[in-house]
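Structure assessment
In case you want the letters, here they are:
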Amino acid sequence: MSPETPLDNLSHENRSFAPDPAFARDAVAKESLYAEAGEDRLAFWAAQARELLTWEKDFTETLDWSNPPFARWFGDGRLNAAYNALDRHVEAGNGDRVAIHFEGEPGDTRTYTYAQLTEEVKKAANAFTALGVAAGDRVAVYLPMIPEAVITMLACARIGAAHSVVFGGFSADALRSRIDDAEAKLVVTADGTWRRGKPSALKTAVDAALTDGRSTVENVVVVKRNGEPVEWTEGRDTWWSDTVETASAEHTAEAFEAEQPLYILYTSGTTGRPKGILHTTGGYLTQAAFTHRNVFDLRPETDVYWCTADIGWVTGHSYVVYGPLVNGATQVIYEGTPDTPHQGRWWELVQKYGVTILYTAPTAIRTMMKWGEDIPGEYDLSSLRVLGSVGEPINPEAWMWYRRVIGKDRCPVVDTWWQTETGAIMISPLPGVTAAKPGSAQVPLPGITADVVDETGAPVGDGGAGYLVIREPWPSMLRNIWGDPDRFVDTYWSRFEGMYFAGDGARKDDDGDVWLLGRVDDVMNVSGHRLSTAEIESSLVGHPAVAEAAVVGAADETTGQAVIAFVILRGSAANEDPDAMGETLRQHVGKDIGAIAKPRKVLVVPELPKTRSGKIMRRLLKDVAEGREVGDATTLADSTVMNQIAAGFAK
Ligand code: WTA
């Protein structure tokens, strides 16, 4: 394991953009936050928790770290997440404020005020309760980006059930394994959605996931979205329109303890089995709200915020659902792809709704760069005032394009580093405070103690490179891996004594600013989506034609990384046309895990590069996949293997 530097040009980047004085003067975030948090970190977070959230019962203990790495934040406080995201805004007289401007891919629109959204969530809470869901239960959510997704998540939170959202692009098998691991009682899905104008089914995957009748799932609630015909299992399936829409809109939110599980979200790790990351209520909401407000300079009365992430990912949890709604923000939710029906769709939406804060991923920015600046140039983007980036390292070129073409050199760009596990933003410039450097996430937020250490855990200091770690517990940290505390300890807390190890390599420049360098483990990042090499390898060897497989993430201009697989075929499959086999295997992975995991290329090889002890040397395969001279291969058992593979790849 060694930090790699996929973004070599970073070390030459020395531009910096000081905050605009007018912006700085009125900025929500104040420089003094750093000093305040530095003086007393726990007092700082306690103050944020009290300022940003409404507690039914105040807490007396901020952090219990007596049994590390199992943290309890605000342990004896009680609150309800949905009440904080909804009812209290209505009670404060802001019921008429728009919570959601929804835009469907086909162009249908719906608007929900805070009062209306509260009513819908109350109905859903009553409906789920009537279906037997109680506090502590788990609910699987397999929905497109439609308001019902937000309503479902908040309804679960309201009744103390944990949601487990599974990205709609994942396959039936992936859905099943997540349902089983969480032992979900209810699944909320839709008949389908649209992808680039074409209907795309969801309910069929739920049916396929539940075919054997041995699942823990008792009910499936189905939102009618695209009107495609669906199979129906009587006694199990019910329509949202029959169950939720007819339910009573009277519901009083009960407060739960701060450590009540709020959700499980599965993410890829270094082994084949996804990890159920567990987040709880009080600490998570505190940091989601704090970061959403300060990193985006949020003014809930006037801003129109848009985060383009899907609720299937953590960004959709913290920065579509919890952060913005707890802060009482007005936001845009868009169901479809950026190029449907045309490549200006996003900018058309920015113009239409007067979006002021945009939060998206580098892969999207690079795609838009490829499409050309004439396209955003056709729209009025003058409402924008803050731009955010998340999900993968942003190369300085993309950062500069984002600032110049979308932000007209006016809007601060914030590159935000965090993970499913961290729950909320951890490292980011603060707009109006930090002089921003293109391609750097720069500074740990107030109250966060991030550092870069070497192999032995010693700080590398300014100018050094190594591993990104977090030294002290933070409010929105993951609390556990669902059902697997040993794996939790082992995965995150055992590499460096007493520190959380994030899995990322990083560098500190001479000013002490942090530059993220990508994963140092076997996790790939494709279009900002986390995929594990082991998970895809295990899918490949699950195919009868495959004897062995090795997967690497190769640098890709648009998607950050692309999945490249090398396979050895078994038996008679070895006589098949290798190109056709490659294609069959690509489709197999797509069906097995989901379209996002489909390798860009599956290369049939006679042998894989292995050390004498039998370990596959992925580093060498990566050299081939990235078109580099193959590195040191002297430890290979058979040194001719790499020549054959490189020749095959070049063909
Ligand atoms: C990467 C997404 C560089 C990183 C919120 C991390 C980033 C993984 C950045 C987590 C960034 C996220 N700069 N790399 N600003 N943001 N990453 O769990 O490798 O889907 O470990 O959470 O994405 O991905 P996840």
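Up top is the structure these notes are about.
Not measured: the values here are computed from a predicted model.

Observations regarding the overall build of the protein
When helices and strands are tallied, the protein shows 20 helices and 30 strands. Its C-alpha atoms give the protein a radius of gyration of 24 Å, within 12% of the compact-globule value 26 Å for 651 residues. Overall, the C-alpha framework of the protein stretches about 75 × 65 × 55 Å when taken along its three principal axes. Per-residue burial over the protein gives 62% buried out of 651 residues. Per element, the accessible surface of the protein, about 24,000 Å² overall, is 48% carbon and sulfur. Taking the average location of the 62 positive side-chain charges in the protein and that of its 91 negative ones, the two points are 1 Å from each other.

Examining the packing of helix α17 (residues 533-541) against helix α18 (residues 578-592)
Relative orientation of the contacting elements α17 and α18 amounts to 115°, with a least axis distance of 9 Å. Crossing of α17 against α18: the hand is right-handed. Here α17 contributes Ile536, Ser539 and Leu540 to the contact with α18, which in turn contributes Leu585, His588, Val589 and Asp592. Of the residues in the contact of α17 with α18, the class split is four nonpolar, two polar and one charged.

A short note on unusual backbone geometry
A cis amide bond links Pro68 to the next residue, Pro69, at an omega of 5°. The topology assignment puts Pro69 in the loop between β1 (63-67) and β2 (70-73). Cis rather than trans, the peptide bond between Thr340 and Pro341 has omega equal to -5°. Among the structural elements, Pro341 can be located in the loop between β17 (330-334) and α12 (345-353). The phi dihedral of Gln442 is positive, around 70°, even though this residue is not glycine. Residue classification places Gln442 among the buried positions, given a relative accessible area of 1%.

Points about the environment of Leu478
With respect to the element layout, Leu478 can be found in the loop between β22 (465-470) and β23 (480-481). Classification of Leu478 by relative accessible area gives buried; the value is 0%. Sequence separation of Leu478 and Glu421 is 57 residues, and the distance between their C-alpha atoms is 5.1 Å.

Points about the side chain of His543
Within the secondary structure, His543 sits in the loop between α17 and β28 (546-556). The buried category is assigned to His543, whose relative accessible area is 16%. In this structure His543 touches Met581, Thr584, Leu585 and His588, once residues within four positions along its chain are discounted.

Observations concerning the site of the ligand
Around the ligand, a shell composed of 17 residues is seen, among which Asp415, Thr416, Thr420, Arg519 and Arg530 lie nearest. One of the side-chain N or O atoms of Asp415 is found 2.7 Å from a nitrogen atom in the ligand. Interatomic distance of 2.7 Å between a backbone N/O atom of Thr416 and a nitrogen atom of the ligand. Protein coverage of the free-state accessible area of the ligand, which is 530 Å², stands at 97%. Taken together, the residues of the shell around the ligand sort by class into six nonpolar, six polar and five charged.

Examining the nonpolar core
Phe128, Phe296, Tyr322 and Ile536 are the most contacted members of the largest nonpolar core, which totals 157 residues. With eight residues, the single largest contributor to this core is helix α6 (residues 147-158). Grouped together as the second largest cluster of nonpolar side chains are 30 residues, Leu349, Ile375, Leu381 and Val405 included.

Considerations on the pairing of β17
With respect to burial, β17 is a largely interior element, five of its five residues being buried. Neither face of β17 is left uncovered, since the one carrying Thr330, Val332 and Tyr334 and the one carrying Gln331 and Ile333 both have all their residues buried. With four bridges connecting them, strand β4 (residues 98-103) and β17 associate as parallel partners. Across the sheet, the residue bridging to Phe102 is Ile333, located in β17. Note: strand β16 (residues 304-307) against β17, three bridges, orientation parallel. By the bridge assignment for β17, Trp306 is matched with Val332. Of the crossover connections in this fold, the one passing from β16 over helix α11 (residues 314-326) to the parallel β17 is right-handed.

About the thresholds
Residues numbered from 1 in each chain as written. Predicted model: local features only at pLDDT ≥ 70, side-chain atom pairs only at ≥ 80, totals over all residues. Heavy atoms only, no water. Helix = DSSP H or I, 4+ residues; strand = E, 2+ residues; numbered from the N terminus. Rg over C-alpha atoms; globule rule 2.2 N^0.38 Å. Buried < 20%, exposed > 50% of the residue type's maximum accessible area, 1.4 Å probe, protein only. Areas by Shrake-Rupley, 256 points an atom, 1.4 Å probe, with all protein chains shown as cover. Lys, Arg positive; Asp, Glu negative; His and termini not counted. Charge placed at Lys NZ, Arg CZ, Asp CG, Glu CD. Axes fitted to C-alpha atoms, helices over the stretch in contact; angles between N-to-C directions. Left-handed = near helix turned anticlockwise from the far one by under 90°. Contact = heavy atoms within 4.5 Å. Nonpolar A, V, L, I, M, F, W, Y, C, P; charged D, E, K, R; others polar. Near = heavy atom within 4 Å. Polar contact = N/O pair within 3.5 Å; in protein donor to acceptor, adjacent residues only side chain to side chain. Core = buried A, V, L, I, M, F, W, Y, C linked by side-chain atoms within 4.5 Å. Pairing = 2+ DSSP bridges. Right-handed = clockwise from strand over helix to strand, strands pointing away.

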